[in-house]
Amino acid sequence: MSRPRMLLSVAGLVLALALVLTLVLTLGDDAPPKPATEAGVDSLVTAFVSKLSADQEYRSPKSDERRTAAAGFAAVLDRRGAADLEKLGFSVRDGVDPATGRPYTVAVNEPGTERAWGMYVIDRSAPPSLAVEVPHPAFDLRTELFGVDLFRRTPGAVLMVAGAHRKADDSKADVAHEEDSVFHVVASALAGRGLPQVQLHGFHDENLPSTDIVLSSGASVAGDAARRTATRLTADGFAVCRAWEERCGALEGTKNVQGKLAAADDTVFLHVEMSRTVRESPERRDGVVRALTEAELAKP
């Protein structure tokens, strides 16, 4: 082969290799990225609660902010947009919980600011059915885990997690005893639609050594829902103090503002106080959540 022809062949080979390499790189760039792993509701809630502390910033929302929150939450619940909640610093997004395969919408307050007004997760697989309330995250330890589990077992549930430690701002962040909170605004909106409320709390073992759970209806007279729940819990081996039958160490929740709201609206409110031993045990947590589920508290 002559020298010019040899040079031409080599040049052609180099050109062909360059074209193949370009094609590979181009295809690689154009290949769709792998979808990110969806965060589970448990991960979202646990990460949120881990940032709360007694010395965090918090302020109560003003009256106009509470009105905006009421309009904003109703709009998100009804899928009419998130503009009002976003004005208050909330971020709102949709997702799918990998544990259940069910879609949800989550609204979470502005992080690291005094507008620490909560996390609200709406299960979108069914119409709104049950308000699952965690008013004292990072204080009543592990109660948020009970909340997540009950949320996951209840299509249409709305999980409400307070945005601040109850001791923040000289205890003005205690949403179970303060009507001037976004948490109470959301509870009011859900109770106004007839949703039952289950509110999860914790107590130290030494306060009631022989009791696992204190069950009450807050300011209301105990109805069928409370009695069914007590029966289910007892059947699962829990020592239950029924506040409508006996004294339960001032853990009856009669001054709870969400309970008072439910009494005024004649809707179901269940105040569930759990011992530290119960809250520390995954097996006992499963038993509590199973009993609450089997008591059929959700709105049909």
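Residues numbered from 1 in each chain as written. Predicted model: local features only at pLDDT ≥ 70, side-chain atom pairs only at ≥ 80, totals over all residues. Heavy atoms only, no water.

Undergrad: In this structure, what is going on with the pattern of salt bridges? I would like to understand it.
TA: Two side chains with opposite charge may pair up if their charged atoms get near one another. One pass over the full model with this rule turns up 19 salt bridges. In this structure, the salt-bridge partner of R66 is D180, at a minimum N-O distance of 3.6 Å. Of this pair, R66 sits in helix α3 (residues 63-77) while D180 sits in the loop between α6 (168-171) and α7 (182-192), placing them 114 residues apart in sequence. Linking D286 and R153 is a salt bridge whose minimum nitrogen-to-oxygen distance equals 2.3 Å. In this pair, D286 sits in helix α11 (residues 282-294) while R153 sits in the loop between α5 (143-152) and β5 (157-161), placing the two residues 133 residues apart along the sequence. The exposure class of D286 is partly exposed, given its relative accessible area of 31%. Judged by relative accessible area, R153 falls into the partly exposed class, the value being 35%. Overlapping salt bridges bring together R153, D236, D286 and R290 as one network. (Salt bridge = Lys/Arg side-chain N within 4 Å of Asp/Glu carboxyl O. Helix = DSSP H or I, 4+ residues; strand = E, 2+ residues; numbered from the N terminus. Buried < 20%, exposed > 50% of the residue type's maximum accessible area, 1.4 Å probe, protein only.)

Undergrad: Just to check I follow, could you spell out the sheet that holds strand β3 (residues 119-123) for this structure?
TA: Taken in spatial order, the nine strands of this open sheet run β1-β2-β3-β5-β4-β6-β9-β7-β8, and their pairing is mixed. Edge strands, defined here as strands with exactly one partner in the open sheet, are β1 (91-97) and β8 (240-242). Between one strand axis and the next, the sheet turns by 20° as a mean value, whatever way the strands run. One ladder, built from seven bridges, connects β1 with strand β2 (residues 102-108); its direction is antiparallel. Paired with V96 across the strands is P103, a residue of β2. Against the sheet, α3 engages β1, β2, β3 and β5, with an angle of about 30° to β3. Packing of α7 onto the sheet brings it into contact with β3, β4 (130-134), β5 and β6 (197-203), and relative to β5 it is tilted by some 160°. (Pairing = 2+ DSSP bridges. Axes fitted to C-alpha atoms, helices over the stretch in contact; angles between N-to-C directions. Contact = heavy atoms within 4.5 Å.)

Undergrad: Just to check I follow, could you spell out the nonpolar core for this structure?
TA: If you look at soluble globular proteins, the nonpolar side chains tend to sit buried side by side. Counting residues in hydrophobic clusters, the biggest one holds 41 residues, and the most contacted among them are M119, L159, V198, L200, V272, V288 and L292. Those residues in contact with V198, other than ones at most four positions away along the chain, are L130, A131, V132, E133, L150, L270, V272, L292 and L297. Y58, L85, L88 and A131 belong to the second largest nonpolar core, which has 29 residues in total. (Core = buried A, V, L, I, M, F, W, Y, C linked by side-chain atoms within 4.5 Å.)

Undergrad: Looking at this structure, how should I read the confidence of the model for the protein?
TA: Low pLDDT means the predicted coordinates in that region are not meant to be read closely. When pLDDT is averaged along the protein, the result is 91; 88% of the residues meet or exceed 70. In the model, residues 13-36 has pLDDT below 50 throughout and makes zero contacts with residues more than four positions away in sequence or in other chains. (pLDDT = per-residue confidence, 0-100.)

Undergrad: Help me understand the side chain of R152, please; the structure alone is not making it clear to me.
TA: Looking at where R152 falls in the secondary structure, it is placed in helix α5. A residue is classified by how much of its surface remains accessible, and R152, at 17% relative accessible area, is buried. Not counting residues up to four positions away in its chain, the partners in contact with R152 are G40, V41, D42, D97, A99, T100 and R102.

Undergrad: Sorry if this is basic, but what is going on with the state of the cysteines here?
TA: Linking two cysteines covalently through their sulfur atoms gives a disulfide. Tallied over the full model, the rule gives one disulfide. What pairs with C241 in a disulfide is C248, and their sulfur atoms sit 1.9 Å apart. Across the disulfide from C241 to C248, rotation about the S-S bond amounts to roughly -90°, and the bridge is consequently left-handed. (Disulfide = S-S within 2.5 Å.)

Undergrad: What should I look at first to understand the environment of V288 in this one?
TA: Along the chain, V288 falls in helix α11. For V288, a relative accessible area of 1% gives the class buried. Along the sequence, V288 and F238 sit 50 residues apart, while their C-alpha atoms lie 8.5 Å from each other. Setting aside anything within four residues of it in sequence, one finds V288 in contact with F146, I213, L233, F238, M274 and V278.

Undergrad: What should I look at first to understand the pairing of strand β7 (residues 213-216) in this one?
TA: Where a strand is regular, its side chains alternate between the two sheet faces. Burial of β7 is two-sided: the residues I213 and L215 facing one way and the residues V214 and S216 facing the other way are all buried. In this structure, β7 lies alongside β8, joined through three bridges in parallel fashion. From the neighbouring strand, V214 faces β8, where its bridge partner is C241. Crossover β7 to β8 through helix α8 (residues 224-235) is right-handed. (Right-handed = clockwise from strand over helix to strand, strands pointing away.)

Undergrad: Would you take a moment to explain the packing of α7 against helix α9 (residues 257-265) for this structure?
TA: Where α7 contacts α9, the axes come no closer than 10 Å and their chain directions differ by 25°. The angle between α7 and α9 places the two elements in the roughly parallel class. Helix-helix and strand crossings are classified by hand; for α7 and α9 the assignment is right-handed. Within the contact between the two elements, α7 uses F183, H184, A187, S188, A191 and G192 and α9 uses V257, Q258, L261 and D265. Residues of the contact of α7 with α9, tallied by class, amount to five nonpolar, four polar and one charged. (Parallel < 35°, antiparallel > 145°, perpendicular 65-115°, else oblique. Left-handed = near helix turned anticlockwise from the far one by under 90°. Nonpolar A, V, L, I, M, F, W, Y, C, P; charged D, E, K, R; others polar.)

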